[in-house]
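So the chains spell out like this:
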Amino acid sequence: MYTEKVMDHFSNPRNVGEIENASGVGEVGNASCGDIMRISLQVEDDVIQDVKFKTFGCGAAIATSSMVTELAIGKTIDEALILTNQAVAEALDGLPAAKMHCSNLAADALHEAIKNYKEQNH
Amino acid sequence: MYTEKVMDHFSNPRNVGEIENASGVGEVGNASCGDIMRISLQVEDDVIQDVKFKTFGCGAAIATSSMVTELAIGKTIDEALILTNQAVAEALDGLPAAKMHCSNLAADALHEAIKNYKEQNH
Amino acid sequence: MKKIYMDNNATTAVKPEVLEAMLPYFCEQFGNPSSVHWAGQMVGGAIEKARGQVAKLLNCASAEVIFLSCGSEGDNYAIKGTAEALKGKGNHIITTAVEHPAVLETCEALEKDGFAVTYLKVDQDGMLDLAELEAAITDKTILISVMWANNETGNIFPIEKIGEIAKKYKVRFHTDAVQAAGKIPVDVRKANVDMAVISGHKIGAPKGVGAMYLRRGTRISRFMHGGHQERNRRAGTHNVPGIVGLGVACESALQNMEKDYAYVRNLRDKLEKGILSSIPEVKLNGHPDADLRLPNTLNVSFDYIEGESLLLFFDMIGIAASSGSACTSGSLEPSHVMGAMGVDIVLAHSSTRFSLGSDNTEEEIDFILQELPAIVQRLREMSPLYKREGPTPLSCDDCRMVHRAYA
Amino acid sequence: MKKIYMDNNATTAVKPEVLEAMLPYFCEQFGNPSSVHWAGQMVGGAIEKARGQVAKLLNCASAEVIFLSCGSEGDNYAIKGTAEALKGKGNHIITTAVEHPAVLETCEALEKDGFAVTYLKVDQDGMLDLAELEAAITDKTILISVMWANNETGNIFPIEKIGEIAKKYKVRFHTDAVQAAGKIPVDVRKANVDMAVISGHKIGAPKGVGAMYLRRGTRISRFMHGGHQERNRRAGTHNVPGIVGLGVACESALQNMEKDYAYVRNLRDKLEKGILSSIPEVKLNGHPDADLRLPNTLNVSFDYIEGESLLLFFDMIGIAASSGSACTSGSLEPSHVMGAMGVDIVLAHSSTRFSLGSDNTEEEIDFILQELPAIVQRLREMSPLYKREGPTPLSCDDCRMVHRAYA
Ligand SMILES: Cc1ncc(COP(=O)(O)O)c(C=O)c1O
Ligand SMILES: Cc1ncc(COP(=O)(O)O)c(C=O)c1O
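Residues numbered from 1 in each chain as written. Chains lettered and ligands numbered in written order. Predicted model: local features only at pLDDT ≥ 70, side-chain atom pairs only at ≥ 80, totals over all residues. Heavy atoms only, no water.

1. Some words on the domain arrangement of chain C
Residue and element names in this part refer to chain C.
Phase 1 of the analysis: Here chain C is described as being made up of domain 1 (4–9 + 257–406) and domain 2 (16–253).
Phase 2 of the analysis: Here domain 1 and domain 2 have C-alpha centroids that lie 28 Å from each other.
Phase 3 of the analysis: On the domain 2 side, the residues contacting the 23 residues of domain 1 number 28 residues.
Phase 4 of the analysis: The interface formed by domain 1 and domain 2 holds zero salt bridges in total.
Phase 5 of the analysis: The interface formed by domain 1 and domain 2 holds 13 residue pairs in polar contact (both at pLDDT 80 or more) in total. (Domains from an automatic or database assignment. Contact = heavy atoms within 4.5 Å. Salt bridge = Lys/Arg side-chain N within 4 Å of Asp/Glu carboxyl O. Polar contact = N/O pair within 3.5 Å; in protein donor to acceptor, adjacent residues only side chain to side chain.)

Here it is, written out as structure tokens:
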């Protein structure tokens, strides 16, 4: 069902947790769909220094969350804003069709967190 | 599908043929149903001395025809008239349910032959 | 006693390589492919592999293959599913008088629900008049259903030409390819077919599995409601070993098709010529041009003899064949296919089908040709119709009543 | 890695004695039982033997057993066949909100055809109110369909009492006994059931075969049209090996029922107690009285965790279980059974089913109880819902739309 990369990120998720005194926090998803993703950021000079996630959801939800944290760290917030859910799925060598919609929201959560950071800082 | 007795009478049918100058001949059945039985009798002093049959039909039709000839030989015509299709089937240790109606007409053919004999002689 | 099996249109033995491929899926890889865990995941790939193998035989995409439980289910699904999905467009269905009961009875059931069905006639060779087919199309016609090859006579219908007509009038086209698939090329794309049905046990796969080609984008209502299997098209836990077997059988059939066609056809032609030349008063049922019949099928009527008794005599010497006579099929009327071809009723009752497979041998043909004349003669001597003087008694109202009760 | 299979309600491995009994029917005794010749006749007895074995498990007459391709087909046939046969009498069907999709989707399809369906609610323990059932009956009610046992929770419904109500009001009564048969006594006569459906692959027979008990004299329209198999009740060439396997599995289930019940129940109770006592914030789904659940089924929700990820973590250490979460079933909503029981949506997503079989061992239970707490804790630490301060975001209009597109 899942690619090796998905299984790797799912079974050894990177950057799990919540950043205390985060620069920004974003959450997307809802319990009906079975996926909730929460991303917290630490941003310095508009560069993402650290990202952590917490996710309630299926294997795809956890793996995309983990992957998005890896992709985001070190990027400027503008670079991170053009990161798409599709790109996250591709970085994982793809997701099953049924998972593309609801479980592939990690980039959205990242964008929400950046938005939240911007609201607080600009 | 068929009992051993049916298969015996089917594979080695008794009294196949037609009696020349028969005392009586009876035929029942039709091509639509796939069964036609023809019985010819030789009767002396109202006792059936010989019976022969010709049958177009399935295994059950041939076996019941063969059996009815065996049952009839030596009987008086009155005794033969009370022989039923059911009795013929029982003498063969039974027939499949689907064969009880159309293929089990041998006693009827015998009765027709007796009727024909009576018409000619009384 | 040596056993000679010549009833491959009724069912085939499972091919050894098919059974071998199936075996791991009963006790070891037994998972439900819908499951997330190892037991489910280890079989999912097997199903998709089989889907590809079926697709290759039919020349379609894997995603256009739906696995089912048998050929009958495919015919029911294709026809009822179309009727339900397109009832807003029209209520007219065109089929033929010589289809398998899975098509005919389904159409008859739809007639009770307000659909109008045209049952195209066939000529004495069992062939369709395509002009008649075209003329039957109205703006209410939602479906044409014509079998690719007939199970009793082996007649092959001009599916490509019918596909062109269907395309011209934009009418959906279903074909029951149960007898054709694996024996002759069945290219659903080339023939412009929208739905094609096959059944495993006719091609060396086990009983209890079938498949339908459903052209991408074809709207169809569900037949089997329930779970989400087969992308919501067919509910019920996948018959994994059966599906694996069907896949391997399709691959094997495709691989061996040319070779098997030539081999089996040669045997069949020998049997055909032998019977027609050595036994008097025999009628060939089906198209006289052997190219227009399946390579493995021979259907002949031995006049004056009822089919079941012939089969039983065959059986005594180990030969398995089948008959179009009433008594063998559970109903009380002879084959509707013989009826539609205008075959005389006695000849219809005496119709006998030999359907060969690649396991048959030339020695078997020789044996049959050697034994057959005496058997036929013996039964003829027993028949009141042979050398008969008077007319043959034909109909019987009683029995028709019984027939109706059964039907 | 040792594999621990605890998903027997999804499907079971074929029992060795079942496969052994089936094996001769693929390549050697491969005939079509409808055939007159040796190849057909040598398998006819096998089918009738299996019919007797199924009948014995259900306590009915052999002639009341119809072989089918799966449980879903049985539910489709029973419900659609009744609706069609009795539509002159009425158009009302009573079922429950917790049936298998094979029943629910079939009823929903009938609603489109003008039937009215009452979906009885269940309480928080997943149980029916029989007074409500009785009150739902009108003079238009033609069918009551209530499952014998629920596949997700294992809840056993009071089929005998429902049978009495059905009898009192002379309404036909169908029960989906797919999960009950073979695990607990299923006596269709005692329960006054008219139709009961079972499926092979839930009781150690292969996938692709099922059976229906149809009480003698029950009028039903055909579902699978076509040939005359099964006394005109189910078209399609018999799945001989599958049927043989189903027969042996039924015999074996009957023989071992008491022993297996005690054995499996003991393991399940240990697992249940162990989980509930060692992990906080766990909810039992189903009736708290273990006597009212199948002996093999345990359904629990681990709060804050989505089911599929739990299953995948289980899978990494070899444990196969299943989940009521949306993501695992192909649709996007969590289990309708959890929904009907009023289980909170997060808990519904975290519901996990362990369904045991007689192959499971005490060591396996110990292993699970040892590993489970850490897995649950790890996923909880990862969950934004665990120790959350704000409210849980609940609904999403977008996704509902997608759900509809899928259904
Ligand atoms: C209660 C119940 N009914 C029906 C079915 C359907 O059975 P099958 O998969 O054999 O169609 C199942 C299993 O999936 C079930 O658990
Ligand atoms: C032409 C044709 N269609 C359909 C079927 C039905 O197939 P199945 O027995 O797999 O349901 C058969 C065989 O019986 C057939 O010959």
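And the narrative resumes.
2. With respect to the packing of helix H9 (residues 240–278) of chain C against helix H13 (residues 362–382) of chain C
All names here are of chain C.
Phase 1 of the analysis: H13 packs onto H9 with a crossing angle of 15° between their chain directions and a minimal axis gap of 10 Å. It follows from the interaxial angle that H9 and H13 lie roughly parallel. Crossing of H9 against H13: the hand is right-handed. Packed against H9, whose contacting residues are Leu-267, Lys-270, Leu-271, Gly-274, Ile-275 and Ser-278, the element H13 presents Glu-362, Ile-365, Asp-366, Ile-368, Leu-369, Leu-372 and Pro-373 at the interface.
Phase 2 of the analysis: Of the residues assigned to the contact of H9 with H13, the class counts are eight nonpolar, two polar and three charged. (Axes fitted to C-alpha atoms, helices over the stretch in contact; angles between N-to-C directions. Helix = DSSP H or I, 4+ residues; strand = E, 2+ residues; numbered from the N terminus. Parallel < 35°, antiparallel > 145°, perpendicular 65-115°, else oblique. Left-handed = near helix turned anticlockwise from the far one by under 90°. Nonpolar A, V, L, I, M, F, W, Y, C, P; charged D, E, K, R; others polar.)

3. Looking at the relation of the copies chain C and chain D
Phase 1 of the analysis: Between the two copies, chain C and chain D, the superposition gives an RMSD of 0.0 Å; the rotation angle is 180° and the shift along the axis is 0.0 Å. Both copies of the chain, as the preceding transformation shows, are related through a two-fold rotation axis.
Phase 2 of the analysis: Same-surface contact between copies: 100% of interface residues of chain C are shared with the interface of chain D. (Least-squares fit on C-alpha atoms with pLDDT ≥ 70 in both.)

4. Here's the deal with the packing of aromatic side chains
Centre distance and the angle of the planes are the two values used to describe a pair of aromatic rings.
Phase 1 of the analysis: According to the stated counting rule, one finds twelve aromatic pairs over all chains in the structure shown.
Phase 2 of the analysis: Aromatic side chains Phe10(A) and Phe313(D) sit 4.9 Å apart centroid to centroid with 70° between the ring planes, which places their arrangement in the edge-to-face category. With Phe10(A) in helix H1 (residues 4–11) and Phe313(D) in helix H10 (residues 307–316), this pair bridges two chains. An identical accessibility class is assigned to Phe10(A) and Phe313(D); each is buried.
Phase 3 of the analysis: Ring geometry for Phe30(C) against Tyr5(D): centres 4.7 Å apart, planes inclined by 85°, an arrangement best described as edge-to-face. Taken as a pair, Phe30(C) in the loop between helix H2 (24–27) and helix H3 (38–58) and Tyr5(D) in strand E1 (residues 4–5) lie in two separate chains rather than in one.
Phase 4 of the analysis: The class of Phe30(C) is buried, set by a relative accessible area of 8%. (Phe/Tyr/Trp six-rings, centres within 6.5 Å; stacked < 30°, edge-to-face > 60°. Buried < 20%, exposed > 50% of the residue type's maximum accessible area, 1.4 Å probe, protein only.)

5. Quick word on the site of ligand 2
Phase 1 of the analysis: The environment of ligand 2 is formed by 15 residues, the closest being Ser72(C), Asp176(C), Ser199(C), Lys202(C) and Thr237(D).
Phase 2 of the analysis: The residues that come close to ligand 2 belong to more than one chain, namely chains C and D.
Phase 3 of the analysis: For ligand 2, an oxygen atom lies 2.9 Å from a polar atom in the backbone of Gly71(C).
Phase 4 of the analysis: The fraction of the free accessible surface of ligand 2 (390 Å²) that becomes covered by protein chains is 95%.
Phase 5 of the analysis: By residue number, the principal contributor to the shell around ligand 2 is helix H4 (residues 71–86) of chain C, which donates three residues.
Phase 6 of the analysis: Across the shell around ligand 2, the residue classes break down as three nonpolar, nine polar and three charged. (Near = heavy atom within 4 Å. Areas by Shrake-Rupley, 256 points an atom, 1.4 Å probe, with all protein chains shown as cover.)

6. Description of the sheet that holds strand E8 (residues 210–214) of chain C
Residues and elements named next belong to chain C.
Phase 1 of the analysis: Reading across the sheet, the seven strands line up as E2-E8-E7-E6-E5-E3-E4 and stay open at both edges, with mixed pairing between neighbours. Each edge of the open sheet carries a strand with a single partner, namely strand E2 (65–68) and strand E4 (116–120). Strand-to-strand twist across the sheet, computed as the mean angle between neighbouring axes with direction ignored, equals 20°.
Phase 2 of the analysis: Here four bridges tie strand E3 (residues 92–96) to strand E5 (residues 141–145), and the two strands are oriented parallel to one another. By the bridge assignment, Thr-95 is partnered in E5 with Ser-145. (Pairing = 2+ DSSP bridges.)

7. Looking at helix H10 (residues 307–316) of chain C
Residues and elements named next belong to chain C.
Phase 1 of the analysis: Most of H10 sits out of view: nine of its ten residues are buried.
Phase 2 of the analysis: For H10, the complete set of buried residues consists of Gly-307, Glu-308, Ser-309, Leu-310, Leu-311, Leu-312, Phe-313, Phe-314 and Asp-315.
Phase 3 of the analysis: Between the side-chain oxygen at the start of H10 and the backbone nitrogen of Glu-308 there is a gap of 2.8 Å, and the oxygen is on Glu-306.
Phase 4 of the analysis: Following H10 by one or two positions, Gly-318 has its phi on the positive side, about 90°.

8. Structural notes on the pairing of strand E2 (residues 35–44) of chain A
Residues and elements named next belong to chain A.
Phase 1 of the analysis: Burial analysis of E2 places seven of its ten residues in the buried class, which makes it a mostly covered element.
Phase 2 of the analysis: Alignment of strand E1 (residues 24–30) against E2, held across seven bridges, turns out to be antiparallel. The partner of Gly-29 across the bridge, within E2, is Ile-36.
Phase 3 of the analysis: Linking two consecutive strands that pair antiparallel, namely E1 and E2, is a turn of four residues; a positive phi of about 85° is found at Gly-34 within it.
Phase 4 of the analysis: Pairing geometry for E2 and strand E3 (residues 47–56), over nine bridges, is antiparallel. Residue pairing in the sheet places Leu-41 in a bridge with Val-51 of E3.
Phase 5 of the analysis: Taking the residues that link successive antiparallel strands as the turn, the E2-E3 hairpin has two residues, and the phi of Asp-45 there is positive, at about 50°.

9. What to know about the site of ligand 1
Phase 1 of the analysis: Near ligand 1 there are 15 residues, and of these Thr237(C), Ser72(D), Asp176(D), Ser199(D) and Lys202(D) occur at the shortest range.
Phase 2 of the analysis: This site is not confined to one chain, since residues near ligand 1 come from chains C and D.
Phase 3 of the analysis: Between His201(D) and ligand 1, the recorded distance is 3.2 Å, taken from a side-chain N or O atom to an oxygen atom.
Phase 4 of the analysis: When the free accessible area of ligand 1 is taken as 390 Å², the share hidden by the protein chains comes to 95%.
Phase 5 of the analysis: When the residues that make up the shell around ligand 1 are grouped by side-chain class, the tally is three nonpolar, nine polar and three charged.

10. Topic: the interface of chain C and chain D
Phase 1 of the analysis: Opposite the 68 residues of chain C that make contact, chain D presents 68 residues.
Phase 2 of the analysis: Each partner contributes to the roughly 5,100 Å² buried at the junction of chain C and chain D, and carbon and sulfur atoms together form 64% of this total.
Phase 3 of the analysis: Taken as a group, Trp38(C), Lys207(C) and His225(C) account for 14% of the area that chain C buries against chain D, more than any other trio of residues on that side.
Phase 4 of the analysis: Across the contact surface, chain C and chain D share two salt bridges.
Phase 5 of the analysis: A salt bridge links Arg222(C) to Glu105(D); its shortest N-O distance comes to 2.8 Å.
Phase 6 of the analysis: Where chain C touches chain D, the interface holds 25 residue pairs in polar contact (both at pLDDT 80 or more).
Phase 7 of the analysis: Listed by contribution, the elements that provide at least two residues to the side of chain C that touches chain D are strand E1 (4–5), helix H1 (16–22), H2, H3, H4, helix H5 (101–112), H10 and strand E11 (319–320) of chain C.
Phase 8 of the analysis: When the residues that make up the side of chain C that touches chain D are grouped by side-chain class, the tally is 29 nonpolar, 26 polar and 13 charged. (Buried area = accessible area lost by both parts, 1.4 Å probe.)

11. Some remarks on the arrangement of the chains
Phase 1 of the analysis: The pair of protein chains exhibiting the most contacts, out of five pairs of chains in contact, is chains C and D.
Phase 2 of the analysis: Considering only C-alpha positions, the minimal separation of the non-contacting chain A and chain B is 50 Å.

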